[in-house]
Amino acid sequence: MRHDVWIPPVHRDLTGGEERVQIEAVTIGEVVTALEQRFPGIAARLTHEGQLRPGIAVAVNGVVTPRGLRQRLDHASEIHFVPAMAGG
Amino acid sequence: MTTTTTSYKVIGSRPLRPDGVDKVTGRAIYGADVRLPGMLYGKVLRSPHAHARIVSIDASAALTLRGVRAVITAQDLPAIGDKIADLGESVVNLRYASNNILAHDKVLYHGHAVAAVAADNVHIAEEALALIKVEYEVLPHVLDGKQAMSANAPILLDDLRTNELGKLGNAPTNVAEHIRHQRGDLDKGFAEADVIVERTFHTATVHQGYIEPQNATALWNEDDQVFVWCSTQGAFSVQEQLAELLQIPISRITVTPTEIGGGFGGKINVYLDPLAALLSRKAGHRPVKMTMTRAEVLTSTGPTSGSHIRVKMGARRDGTITAAQAELIYEAGAYPGSPVGAGCGVIFANYRLENLQIDGYDVVVNRPKASAYRAPGGTNAAFASETVVDELAEKLGIDPIEFRLRNAVREGDRRPDGPEYKRIGLIETLEAARSHPHYTAPLTGKHRGRGVAAGYWGNWGGKSSATATVNSDGTVNLIEGSTDIGGSRASIAMQLAETLGLPYEDIRPQVVGTASVGYNDVTGGSRTTFGTGWAVYEVGKKILAEMRQRAAEYWDVPVESVQVADGVFAHNGDQMSFRELAGKLDTPVTASASVHPQNYGPGFGVHIVDVEVDVETGKVEILRYTAAQDVGKAIHPSYVEGQLQGGAAQGIGWALNEEYVYDDKGRLVNASLLDYRMPTALDLPMIDTVLVEAPNPGHPYGVRGVGEVPIVPPAAAVANAIYRAAGVRMTELPMSPARIVAALATQSTNAA
């Protein structure tokens, strides 16, 4: 299943400026693995010790998932890595 | 005024709050009311300097004072290495969090805690503070975010490196984080514009201004169990923070929340709780109570960030925005963690934009560490962008609401950070504001003007748990763990009543502590009526299913043949009310649920304000104010209206009066509510509200968070009104009399 993955602007130095790429994957973890194969170095920026880095959230079809890398992708999805935010 | 489409039996009504009588009669127990046998009293010694190295601390004289039972410094805190922890609503480096509780090697702001004392009474504790000798090496300080980014600025944290979504810098800096949202072609977008407006803005550091100061009472007993009673937005967050800061298991900590006298985000981080616990242990396991003075609240608890913001936007003659660019510099205070990320999310959230770039910087400065404050970062951002939007509309000769409507986001449009919006209600809210009588009412008289502004907040879901028990008389006891700040006992009980088909009065809600209910995230992010509402909906469904089973057993029929509606169970002509069935239960019925819902959905508000400017003194009077908001479904409309009114009132404080004022040594000089000027009832008119109900499809009753959106638009709305009243575009908050007079004088000079 192919997903539309948006590259965070601060990491486009690794993608030659590409804003979005198509990735075949079943989980967010696999998305990161596939990104790393194409753009070496990006996994270390997005993840640490097998998890998304603190302060980074992943939105699947507009909804931030608490499952992080373990989130399954059952349908073709749009994926964004975004700064995590808090309210008051 | 409310516009609604769906009818319920309980939801949408306006019953009395269950905690109201205790609060108005003075019986409600707040943190300051806690008394325990053998209790000691704690006080904190605080830094007189904005930035200094601690050379030595000598507490020997204090310890000899009769009645002093313990003194602690940072040496009494466990050594904590760099560890990033998720503490409720935000992630923090625990080493920094520990340093903020008690300064380790350096003090980083005026009021930074250095040592704490427990004594037989407050007076002895205060006397002891004066006997503690601290030798400081004073260092240069920096209070301003923009100055802190300069090459020659003093560095606050030697190990700090800039984080760009996981990409780390390699040089010492005061810039903790850089965020960027970018899409499209900015140059092309500006080239297509017929009008471009670019302005820079500055907003002051402001405090949440809750009436009840921070307090905590702690007992660390001989068994190494820690008990805490405190005023907090989240008992479980206090428990987690104490476990991390004191390095003890969560299971050994019991937190009992007292009633809360306001929080607005400022009662999430702990300040006194770990000190009281450590003092209790050191003082021979006696309970220790600590309460802050108002001055301590202002100098030493988290305000929200001051900021520098630059906004550039372009639009075609037809009113279409073609490009938008912003740079946001937010002052985090002494340690990283300003709400600049949220500011970047808010600043252009109202508009469909093909070409945009937003850069946000989280910058440490010698001020108290910023903490959450109602829509953190949103008011700053909207002040800048909504002022520029207003000016674009003016230059194009388009009505300001019409201009916003032409560019307003709707379902399927992209947020600034990329994802698409689902069902949202900005269009409906703009239309509701435009059709409100206020918008077209005559406004006559000199130096009077009307302004509008829109605002966005993303809201939050969070984790919630609840338990309900059916009593033998058919009433239901509801146990929840979400701090009730704005009437949530009522709004949660109403959702359970609606689900069960019972009257509201049959549900008795109680907010309990960490030992008595499943995990709950903090009351923050406008999440409680949404998230804990989800939990009690699930609880209600479980109870109905169990009661239906009991009815089937009573009638000795298959459960599928029992119908349930409006609190009545029926089978083949027989029927029993919930109450009758409850009286026949031979085994109790209790149900619990824990949820972590994600489809919280953002909210939008549009505010209209009329002002009169005294051009001689610069004083601004608010003549009329109307707040319209997409509220999803208003469970208890009175409390939703109250949220809109409260948010608007606080936002007017940002707009006109509130700011931290420092002297040239970096000391806060207005640490009292006499000098830190918040609005009172005498400063405000009745704030009218319009509840636009565009139900959230991600909640069984359509709930959206409502508490934070209404503080986002006011500063910009007031600024736009001042422009129409006096002809000056204000770009600095607060728009105090002195700044208005200065702006008018500059205008006169330029005109001459």
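Residues numbered from 1 in each chain as written. Chains lettered and ligands numbered in written order. Predicted model: local features only at pLDDT ≥ 70, side-chain atom pairs only at ≥ 80, totals over all residues.

1. A closer look at the overall build of chain B
Argument step 1. Within chain B, the regular secondary structure consists of 20 helices and 31 strands.
Argument step 2. Computed over its C-alpha atoms, the radius of gyration of chain B comes to 27 Å, within 12% of the 27 Å expected for a compact globule of 752 residues.
Argument step 3. If you line up chain B on its principal axes, its C-alpha atoms span 90 × 75 × 50 Å.
Argument step 4. Residue burial in chain B is summarised as follows: out of 752 residues, 58% are buried.
Argument step 5. Relative to all contacts within chain B whose residues are 6 or more apart in sequence, the contacts with residues 24 or more apart total 80%. (Helix = DSSP H or I, 4+ residues; strand = E, 2+ residues; numbered from the N terminus. Rg over C-alpha atoms; globule rule 2.2 N^0.38 Å. Buried ≥ 20, exposed ≤ 12 C-beta atoms within 10 Å, placed from the backbone. Contact = placed C-beta atoms within 7 Å.)

2. Points about unusual backbone geometry
Argument step 1. Along the chain, Leu733 of chain B connects to Pro734 of chain B via a cis peptide bond; the corresponding omega equals -5°.
Argument step 2. Along the chain, Pro734 of chain B falls in the loop between helix H19 (714–726) and helix H20 (737–751).
Argument step 3. Of note, the phi angle at Asn61 of chain A is positive, near 50°, even though the residue is not glycine.
Argument step 4. Structurally, the position occupied by Asn61 of chain A is in the loop between strand E5 (56–60) and strand E6 (63–64).
Argument step 5. According to the C-beta neighbour criterion, Asn61 of chain A is partly exposed, with 17 such atoms within 10 Å.

3. Brief notes about the packing of helix H11 (residues 378–396) of chain B against H19 of chain B
All names here are of chain B.
Argument step 1. Across the interface, H11 lies against H19 with an axial gap of 7 Å and an inter-helix angle of 35°. For the pair H11 and H19, the crossing hand works out as right-handed. Facing H11, whose interface residues are Thr379, Ala382, Phe383, Glu386, Thr387 and Asp390, H19 presents Ala715, Ala716, Ala719 and Asn720.
Argument step 2. Across the contact of H11 with H19, the residue classes tally to five nonpolar, three polar and two charged. (Axes fitted to C-alpha atoms, helices over the stretch in contact; angles between N-to-C directions. Left-handed = near helix turned anticlockwise from the far one by under 90°. Nonpolar A, V, L, I, M, F, W, Y, C, P; charged D, E, K, R; others polar.)

4. Regarding the sheet that holds strand E22 (residues 464–470) of chain B
All names here are of chain B.
Argument step 1. Strand order in the open sheet formed by four strands is E24-E23-E22-E28, and the pairing between neighbours is mixed. In the strand order of this sheet, the two ends are held by strand E24 (507–511) and strand E28 (590–595), each with one partner. Between one strand axis and the next, the sheet turns through 15° on average, direction left out of account.
Argument step 2. Note: strand E23 (residues 476–480) against E24, five bridges, orientation parallel. (Pairing = 2+ DSSP bridges.)

5. Concerning the domain arrangement of chain B
Residues and elements named next belong to chain B.
Argument step 1. According to the domain assignment, chain B consists of domain 1 (20–27 + 461–595), domain 2 (34–139 + 212–261 + 267–300) and domain 3 (307–459 + 601–751).
Argument step 2. Computed over C-alpha atoms only, the centres of domain 1 and domain 3 are separated by 38 Å.
Argument step 3. Tallying the contact residues gives 16 residues for domain 1 and 17 residues for domain 3.
Argument step 4. Looking at the side of domain 1 that touches domain 3, the elements that each hand over two or more residues are helix H15 (488–500) and helix H16 (528–555).
Argument step 5. For the side of domain 1 that touches domain 3, a count of residues per class yields five nonpolar, nine polar and two charged. (Domains from an automatic or database assignment.)

6. Notes on helix H7 (residues 235–246) of chain B
All names here are of chain B.
Argument step 1. The terminal C-alpha atoms of H7 lie 16 Å apart, and with 12 residues this matches the ideal 16 Å at 1.5 Å per residue to within 8%.
Argument step 2. The buried count for H7 comes to 11 of 12 residues, which makes it a mostly enclosed element.
Argument step 3. The complete set of buried residues in H7 reads Ala235, Phe236, Ser237, Val238, Gln239, Glu240, Gln241, Leu242, Glu244, Leu245 and Leu246.
Argument step 4. After H7 finishes, the residue Gln247 shows a positive phi value of roughly 55°. (Expected span 1.5 Å × (residues − 1).)

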